[in-house]
Every structure is written in structure tokens, then in C-alpha cells.
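Observations on the model geometry
Listed below, chain by chain, are the residues.
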Amino acid sequence: MSEKSSYISTHKTAIIVLENEIIIKGNGLGATGTFEGEICFNTACTGYEEILTDPSYTGQIITFTFPHIGNVGINNEDLEHLSPHTGAVGAIFKANISHHSNYRATERLDSWLKKRGIVGLSGVDTRALTGLIRKQGFLNAIICYDPSGNFNINKLKKQSAWPQMNKVDLAQNVSSPKSITWNEIPWIWNTGYRKQQNKKYHILVIDYGVKRNILRLLASLHAQITIIPYHFSEKEILKLNPDGVCLSNGPGDPILTSIYATPIIQKLLKIGIPLFGICLGHQLLALATGAQTIKMHQGHHGCNHPVKDIHTGKIEIVSMNHGFAVDAKTLPKGVEETHISLFDGSNCGIRLISKPAFSVQYHPEASPGPQDSHYLFLKFFDSIKKFRKNPQMIDLNQDEIG
């Protein structure tokens, strides 16, 4: 197959035009129209609803490597976004979406995609497309669904500016416009979600695109949760009297987001309030200390990634979704690496030696994914308890946040 050829030569109702001029045709589903985005692939076998509604995927088109997607349908309990206008703009599937078979389902995936404005394309060799991404790296693309199947390819090529994800700040587009309180705790079989009753601590979550399960796990540890917009000032944050601050996940280039995030994070570090960063929040904490981030070749997207805890030697299987990474070689004195990816050795965690602050590149909330890393929320609360007892003298030992 030549690099300029089509994966499917027959007449179809959806098309993807890659920036390298490869054309991919398939069966359209979901929303009609044309969208631009960056194509990535996700290797998870489950959790497609959580993946598609993860705000970190804003501006991206997801290729699902697992062939059968949609067979358990959609329900409103498994959404991960706070705003319905965040998440993936497109989705690519191997098999056509079948009728769902699951007692929790309320509708089909294809009808849900249409309501959310997500363009879908099926009937594609997703493994071949994944191989292309692995070889060439992230690719910008246009995805288009027209039931008539009539496409002006030259026009589609010309209308795209091929936006580069490493030149876009998306966090402010998905952040909550105002502060929100949260008291929902994790789902229990045949019971559903419950409300937090016993609130001992107050946690602020700076919303750069936070996922709901992060909020649930924080709330489950006897915490009142307040979600605040990205633009809240130091004075506004301190007025809320937090016991700890979580720097959330989110989309886009961390360097651009750090322009407004770094001054706030540096002030919180100076005060000594416990900080816990996740994914984009991890990158922002590192940038605030003077480290640097890099754009990855293909990123990490899936829920089967092995990560090593450097201090304990423990291997965790984790959920990941990121296209940027902290450059461990640039970590300054006083900041140490705590976790690394066993796939490529990239940085997956840091801690500040003399401050109650740490972060991880992966998603410990595991939605979707294994729950190996839930302990990190307990580590965060250990630092909060110490801060409560003696806010002027915090010195976490290495093994306490490792």
C-alpha cells in the first residue's frame, strides 16, 4: 500500500484526510459534518464511553484498536466530562456498531455520538492505521461524514490549517466557568453513586479539564470538594481555606497552559499547601519548578501501561492518556523522579523533596482502567493530615509519596 493511497477504495459515506495526504474511507455514523483534529490511538478493550468523554481528548480523533466498540451501549452513569462540549471530536472503529446488550445501557453508541456532535467512521483497518501513527507519530486530520458520500478531497485539504496540538491551549476552553461543589462518591454495584456525608477536609480542584472519577475518589475520603476555574487567583484560592489542592488533567499544550498556571502553583508551593497533580496537572507542577515538557512521538493512550515506582520497585498497570511528557533530564535540584514508563522510560511521576507536592503522569482514578494506583489518593490525604496538624512544618519522607 502506498503512502498516498486509500485504505478502502469503495464508495463510502465518511472520510478522513490526513496531513500526509493519505485518504481513509469508511462507513459514517454519529454526527454529520466536518471536524479537524489530531489522530491518536487507544488500546483499551473497555471503557469507550469514559474515553470519548474524557476532556483530555478535546480536539482529538480517537482510533480504537479493539475491534468491537459499542456492544454494551451507552448510559449516563459512565460519562467523565463536566461539560457536554468537551472530549473527542471524532472516533474511528474497525467493526460497525451493533445493537447493544447490557442491562445498564439506555441507548446505542451511534445515536449517542450523533447527539454529542462526534463524527464516527467504521469499517477501517484500525490496526493498520495504528501502525501508521506508530511510524509517523501524531497526525492532524479532517474527518467528515456526509450520508451522500460525495467528498471534494481537494477542498477538504485546502480548508484545513492542520492545527498543531503543541501550539494550542485548550485547558481554558474546557475549564468550569465558575466554582462548583461536588459530593458524589464512587459507584457501587446495583446501588449507583452515593453522596458524601462526612466531610472532614476541604479540597480544591483546579479544573483544567477534570474527570468525574477523580472528584469521586477525592470526595470518598471524607472531603468537601470545590472545583474552581483555571483563572482563580491566589487570593480567591486562599479565601476558600483549602486543606489541599489537586491540579487536574486536561487537554492541550502544557507550556501554553503554564503561562497562567505557573504563577498560581508557585505561590501555593511557597505557602506549603499539599498539592497533587494528575496528567496535565503533573506537567504543570513540573513546569512550575523549572522543568521542561516535550511533545511525544505517539503518546500513551490505553489502560494497560506498566509503570515502575522507582523507590519501591513496584510495578503498576495504569491508565494513560497524554501526548506530552515531562523531560526528566530537566528536573531541577529539589525535585526527583518517582515513576517511569516501562514501555519507553518516559517520566511518569515527580515529588518535591522539601514540599508536600507530588504528581503522576498517568490516571490513578482508573476510568477506565485498573485500580492499582488508587493508593495515590490516600498518599495525598496523608499529606493533608500532616498539614492540618502542623501547617508550618511539612517534610514528607520519600516512602510516603513514592
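Now for a description of the structure that goes with this document. Being a predicted model, the structure only gives us computed values, none of them experimental.

What counts and what doesn't
- Starting from 1, residues in each chain are numbered consecutively following that chain's sequence as written.
- Under the rules for a predicted model, residues below a pLDDT of 70 receive no local features and side-chain atom pairs below 80 are neither given nor counted, while totals for whole chains, interfaces and linings still include all residues.
- Think of the side-chain values as coming from all heavy atoms in the structure, minus any hydrogens and water.
- Using only the protein atoms, space was sampled on a 1 Å grid; points where a 1.4 Å probe fits but cannot get out form cavities, open sets with protein on both sides within 12 Å along at least five of seven lines form pockets, and lining residues are those with an atom within 4 Å of a point.
- Grid points are joined across faces, edges and corners, and a volume is the space filled by probe spheres set on the points.
- In this description a helix means any DSSP run of H or I spanning at least four residues, a strand means any run of E spanning at least two, and both kinds are numbered starting from the N terminus.
- All amino acids are sorted into three groups, where Ala, Val, Leu, Ile, Met, Phe, Trp, Tyr, Cys and Pro are nonpolar, Asp, Glu, Lys and Arg are charged, and the leftover types, Gly among them, are polar.
- Two strands pair if DSSP finds at least two bridges between them.
- A fitted line through C-alpha atoms serves as each axis, taken over the contacting stretch for helices, and the angle formed by two N-to-C directions is quoted from 0 to 180°.
- Whether two residues are in contact is decided by their heavy atoms: any pair within 4.5 Å suffices.
- To sort the angles, those under 35 degrees are grouped as roughly parallel, those over 145 as roughly antiparallel, those from 65 to 115 as roughly perpendicular, and the leftovers as oblique.
- By the definition used in this description, the sense in which the near helix is turned from the far one sets the handedness, with an anticlockwise turn below a right angle giving left-handed and a clockwise turn giving right-handed.
- Any two rings among Phe, Tyr and Trp, with Trp reduced to its six-membered ring, count as a pair given centres within 6.5 Å; such a pair is stacked if its planes are under 30 degrees apart, edge-to-face if over 60, and tilted if neither.
- The classification of residues rests on relative accessible area computed with a 1.4 Å probe and restricted to protein chains. Under 20% of the type maximum is buried, over 50% is exposed, and intermediate values are partly exposed.
- Criterion for a charge above a ring: Lys NZ or Arg CZ within 6 Å of the ring centre, and within 35 degrees of the ring normal.
- Side-chain atoms alone can form a polar contact between residues adjacent in sequence; in general such a contact is a pair of N or O atoms within 3.5 Å, and within protein one must be able to donate a hydrogen while the other accepts it.
- Consider a residue and the seven residues that end there alongside the seven that start there; fitting an axis to each set, the bend is the angle between those axes.

Attention shifts here to the layout of surface pockets. The space that makes up the largest pocket amounts to roughly 740 Å³. Lining the largest pocket are 35 residues, and of these G47, E50, D78, R104 and S367 sit closest to its centre. At the level of elements, α1 (48-52), β9 (184-188) and α6 (212-219) are the ones that each hand at least two residues to the lining of the largest pocket. Here the lining of the largest pocket is built from residues that sort into 15 nonpolar, 12 polar and 8 charged. A volume near 220 Å³ is recorded for the second largest pocket. Looking at the second largest pocket, it is lined by 13 residues, and the ones nearest its centre are F41, R134, Q298, H305 and F343.

Let's shift gears to the sheet that holds strand β17 (residues 335-341). Reading across the sheet, the 10 strands line up as β8-β12-β11-β13-β14-β19-β18-β17-β15-β16 and stay open at both edges, with mixed pairing between neighbours. For this open sheet the edge positions go to β8 (180-182) and β16 (315-327), each flanked by a neighbour on one side alone. The average undirected angle you get between the axes of adjacent strands in this sheet is 20 degrees. Along the sheet, helix α10 (residues 375-389) makes contact with β11 (201-206), β12 (223-228), β13 (244-247), β14 (275-278), β15 (292-309), β16, β17 and β19 (357-360), crossing β11 at roughly 120 degrees.

A few words now on the packing of helix α8 (residues 254-271) against helix α9 (residues 280-288). Running from N to C, α8 and α9 point in directions that differ by 70 degrees, and their axes come no closer than 8 Å. Between α8 and α9, the interaxial angle falls into the category roughly perpendicular. Classified by chirality, the crossing of α9 by α8 is right-handed. For the pair α8 and α9, contact is made by P254, I255, T257, S258, A261, T262, I265, Q266 and L269 and by L280, Q283, L284, L285, L287 and A288, respectively.

Once that is clear, we can look at the pairing of β15. In this sheet, β16 lies alongside β15 in antiparallel orientation, the contact comprising 11 bridges. Within the sheet, the bridge partner assigned to H301 lies in β16 and is N321. Hairpin remark: β15 followed by β16, antiparallel, with 5 residues in the connecting loop; positive phi at G313, about 80 degrees. Of the pairings in the sheet, the one linking β15 to β17 comprises 3 bridges and is antiparallel in character. Each bridged residue has a counterpart across the sheet, and for K308 the counterpart in β17 is I340.

The relation between two aromatic rings is expressed through the spacing of the ring centres and the mutual angle of the planes. A full pass over the atoms with the stated rule returns 9 aromatic pairs. On the basis of an interplanar angle of 70 degrees and a centroid distance of 5.9 Å, the ring pair of Y201 and F381 is categorised as edge-to-face. One end of the pair, Y201, is in strand β11; the other, F381, is in helix α10, with 180 residues separating them in the sequence. Taking relative accessible area as the criterion, Y201 reaches 14% and is therefore assigned buried. Given a relative accessible area of 3%, F381 falls into the buried group. A ring pair is formed by F276 and F358, whose centres lie 4.8 Å apart and whose planes are at 20 degrees; its orientation type is stacked. Taken together, the residues F276 in strand β14 and F358 in strand β19 connect sequence positions 82 residues apart. Take F276 and F358: they sit in the same class, and that class is buried. Above the plane of the ring of W187 lies R104, whose end atom (NZ or CZ) is 4.7 Å from the centre. The ring of F324 has K295 sitting right over it, with the charged end atom 5.3 Å from the ring centre.

Summarising the element assignment, S258 is placed in helix α8. For S258, a relative accessible area of 11% gives the class buried. Reaching out from S258, the side chain makes a polar contact with the backbone oxygen of I255 at a distance of 2.6 Å.

Glancing now at the sheet that holds strand β7 (residues 139-145). Strand order around the closed barrel formed by 7 strands is β1-β2-β6-β5-β4-β3-β7, with mixed pairing between neighbours. This sheet shows a mean twist of 35 degrees between the axes of neighbouring strands, independent of strand direction. As paired strands, strand β1 (residues 14-18) and β7 are joined by 5 bridges and run antiparallel to one another. When the bridges of β7 are listed, L18 appears paired with A141.

The next point concerns the side chain of R216. Here R216 shows up in helix α6. At 3.5 Å, the side chain of R216 forms a polar contact with the side chain of Y193. With residues near it in sequence (within four places) discarded, R216 still touches E77, L79, E80, W182, E184, I185, P186 and Y193.

Structurally, G192 is set in strand β10 (residues 192-195). A relative accessible area of 5% places G192 in the buried class. Distance from G192 to E77, taken between C-alpha atoms, is 8.1 Å for residues 115 residues apart in sequence. Ignoring any residue separated from it by four or fewer positions in sequence, one finds G192 in contact with E77, P186 and W187.

Where α8 bends most, at Y260, the angle is about 55 degrees, and the proline P263 comes one to four residues later. Burial in α8 covers these residues: P254, T257, S258, A261, T262, I264, I265, L268 and L269. Looking one or two residues beyond α8, the residue adopting positive phi is G272, at roughly 100 degrees.

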